[in-house]
Amino acid sequence: MMLLGACAGWSLITAAAHDGRPEGVLLAVLAVAAGYAAGRVSGALLPVIAPCVGAAASLVLAAALPGLSPGGRYAGPLGPAGATAALLALATGAACCAAWATPVPAQRLGLRALAAVIVLSGAALGSPAGSAAGAAVLLWSLLAGAMPRRGAGLAVLAGTAALVAGTVWAVAAGWLPGGLTEALAGPFGPQRIRLWQDAVRLAGRDSGLGVGPGRLGEPGGGTPRTSLSDGGPHSAPLQQAAEQGFVGVLLLAAAFCWVLYALWRSPRSTPVALTAGAALTALAVFASVGDALGFTTVTAGAGLLAGWATARPWTGDDTRAEL
């Protein structure tokens, strides 16, 4: 909670320095904190039912909310399409966590079937990225049952998130050979790459405080608005760097590392911790290449999943696995 407070405090400092608008950051921090607290409480009382209900609710939200549905002006991972994919990944992770939490074989099979339905629903919703991420989470969850120690698995997940974020930064900064940059940039399109490059230039212009939260896309605030975007870079690390400087990037990275550390120290079983870590890593990937963290449903869902995976069940049956 101290780290979330630091994120909120730094956004206020950078907003005061550049007349920014920190409401979006503060809302995201509040959603994560509230979701985490609710997840810890409900996960302690209902370690199977709570994530199961959360998985079903996430699927319904992904299908029912027009603002989260891909298509049209938000084609590809840009904008709400990334939020839909992130919700599907979180829903799959919650269903798999519930499956590992129950000792009843029939219930475990049914919950894994729910996870498979969520994966297949991504195709029906027009979100192939959500289907792919959900399938990866489901596969990782099945493999987690054979992992005696969670530390190595969480390290792999941390490395995956760092690799994606570093690759995005390298593409935006032009550090890669031209052919490799074009191959990596192909799925995202030239407009997204230009937005990333603008964010890197702004970050280099004021690496201490950035241009201020919420100022990207404003007149005189940095990236110009276009017909297909809101002017933001649609990459959480790059947006943090441009709006809040490199301290903001470090705080964002520290928040993700803290979640993985909490999962490493979690009293829940190793499969539950690794499954939640995989789903949250999928969210981190979508946040690196899209605008997933700009939606309260996604940030609150991430907090809930982290809370469920780190709660200590009051029954005392779920003992901590070897680290």
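The structure reproduced in this document is the subject of the present report. Please read all numbers here as calculations on a predicted model, not as lab measurements.

Points about the nonpolar core
Piece 1. By size, the foremost hydrophobic cluster in this structure holds 51 residues, and its most contacted members are Ile 118, Leu 263, Leu 280, Val 298 and Leu 305.
Piece 2. Of all the secondary-structure elements, those providing two or more residues to this core are α3 (49-64), α4 (80-101), α5 (105-124), α6 (128-144), α7 (150-173), α10 (236-264), α11 (270-289) and α12 (296-310).
Piece 3. The dominant element in this core, judged by the number of residues it contributes, is α4, at 13 residues.
Piece 4. The residues touching Leu 280, leaving out its near neighbours within four places in the chain, are Leu 90, Phe 256, Val 259, Leu 263, Ala 302, Leu 305 and Ala 306.
Piece 5. Trp 169, Val 171, Ile 193 and Trp 196 belong to the second largest nonpolar core, which has 18 residues in total.

Remarks on a nonpolar patch on the surface
Piece 1. On the surface, a cluster of nonpolar side chains totalling about 650 Å² of accessible area is made up of Val 41, Leu 45, Leu 46, Ile 49, Val 53 and Trp 314.
Piece 2. Listed by contribution, the elements that provide at least two residues to the nonpolar patch are α2 (23-45) and α3.
Piece 3. Locating Leu 46 in the fold gives a position in the loop between α2 and α3.

Points about the packing of helix α9 (residues 189-205) against α10
Piece 1. Two elements in contact, α9 and α10, have axes separated by 8 Å at closest approach and are oriented at 20°. As judged from the angle between their axes, α9 and α10 are roughly parallel. Crossing handedness for the pair α9 and α10: left-handed. Between α9 and α10, the contacting residues are Trp 196, Ala 199, Val 200, Leu 202 and Ala 203 on the first element and Leu 238, Ala 241, Ala 242 and Phe 246 on the second.

Focus: the environment of Gly 248
Piece 1. Considering the arrangement of structural elements, one finds Gly 248 in helix α10.
Piece 2. For the pair formed by Gly 248 and Trp 10, sequence separation is 238 residues and the distance between their alpha carbons is 7.3 Å.
Piece 3. Once residues within four sequence positions are removed from consideration, Gly 248 is found in contact with Trp 10 and Gln 240.

A few points about the packing of aromatic side chains
Piece 1. This model, assessed by the stated rule, comprises 3 aromatic pairs.
Piece 2. Taking the centre distance of 5.6 Å and the plane angle of 65° together, the rings of Tyr 36 and Trp 258 count as edge-to-face. Of this pair, Tyr 36 sits in helix α2 while Trp 258 sits in helix α10, placing them 222 residues apart in sequence.
Piece 3. Taking the centre distance of 5.8 Å and the plane angle of 35° together, the rings of Trp 169 and Phe 246 count as tilted. With a gap of 77 residues between them, Trp 169 in helix α7 and Phe 246 in helix α10 connect regions that are remote in the sequence.
Piece 4. For Arg 112, the ring lying beneath its charged end belongs to Trp 100, and the centroid distance is 4.6 Å.
Piece 5. The aromatic ring of Trp 264 is capped on one face by Arg 265, whose charged end is 5.5 Å from the ring centroid.

Observations regarding the packing of α11 against α12
A pair of packed helices is captured by two measures, namely the crossing angle of their axes and the spacing between those axes.
Piece 1. It is at 9 Å that the axes of α11 and α12 come closest, and there the two elements cross at 165°. Taken together, the axes of α11 and α12 lie roughly antiparallel to each other. Classified by chirality, the crossing of α12 by α11 is left-handed. Contact with α11, carried on its side by Val 272, Ala 276, Ala 279, Leu 280 and Leu 283, involves Val 298, Ala 302, Leu 305, Ala 306 and Ala 309 of α12 and no other residues of that element.
Piece 2. Counted by class, the contact of α11 with α12 contains 10 nonpolar, no polar and no charged residues.

A word on the state of the cysteines
Structurally, a disulfide amounts to a covalent bond that connects the sulfur atoms of two cysteines.
Piece 1. Within this structure, the stated rule accounts for 0 disulfides.
Piece 2. Distance from the sulfur of Cys 97, which forms no disulfide, to the nearest cysteine sulfur (Cys 96) is 7.3 Å.
Piece 3. For Cys 97, a relative accessible area of 4% gives the class buried.

What to know about α3
Piece 1. Its 16 residues place the ends of α3 22 Å apart at the C-alpha level, agreeing with the 22 Å of an ideal helix rising 1.5 Å per residue.
Piece 2. Restricting attention to buried positions, one finds in α3 the residues Ala 50, Pro 51, Gly 54, Ala 55, Ser 58, Leu 59 and Ala 62. Taken around the axis of α3, the buried residues stretch over an arc of 165°, which confines them to a single face. Projecting away from the buried face of α3 at angles above 90 degrees are the exposed residues Val 53, Val 60 and Ala 64.

What counts and what doesn't
Residues numbered from 1 in each chain as written. Predicted model: local features only at pLDDT ≥ 70, side-chain atom pairs only at ≥ 80, totals over all residues. Heavy atoms only, no water. Core = buried A, V, L, I, M, F, W, Y, C linked by side-chain atoms within 4.5 Å. Buried < 20%, exposed > 50% of the residue type's maximum accessible area, 1.4 Å probe, protein only. Helix = DSSP H or I, 4+ residues; strand = E, 2+ residues; numbered from the N terminus. Contact = heavy atoms within 4.5 Å. Patch = residues over 30% accessible without salt bridge, like charges linked within 9 Å, V, L, I, M, F, W, Y side chains within 5 Å. Areas by Shrake-Rupley, 256 points an atom, 1.4 Å probe, with all protein chains shown as cover. Salt bridge = Lys/Arg side-chain N within 4 Å of Asp/Glu carboxyl O. Axes fitted to C-alpha atoms, helices over the stretch in contact; angles between N-to-C directions. Parallel < 35°, antiparallel > 145°, perpendicular 65-115°, else oblique. Left-handed = near helix turned anticlockwise from the far one by under 90°. Phe/Tyr/Trp six-rings, centres within 6.5 Å; stacked < 30°, edge-to-face > 60°. Lys NZ or Arg CZ within 6 Å of the ring centre and 35° of its normal. Nonpolar A, V, L, I, M, F, W, Y, C, P; charged D, E, K, R; others polar. Disulfide = S-S within 2.5 Å. Expected span 1.5 Å × (residues − 1). Arc of directions from axis to C-beta.

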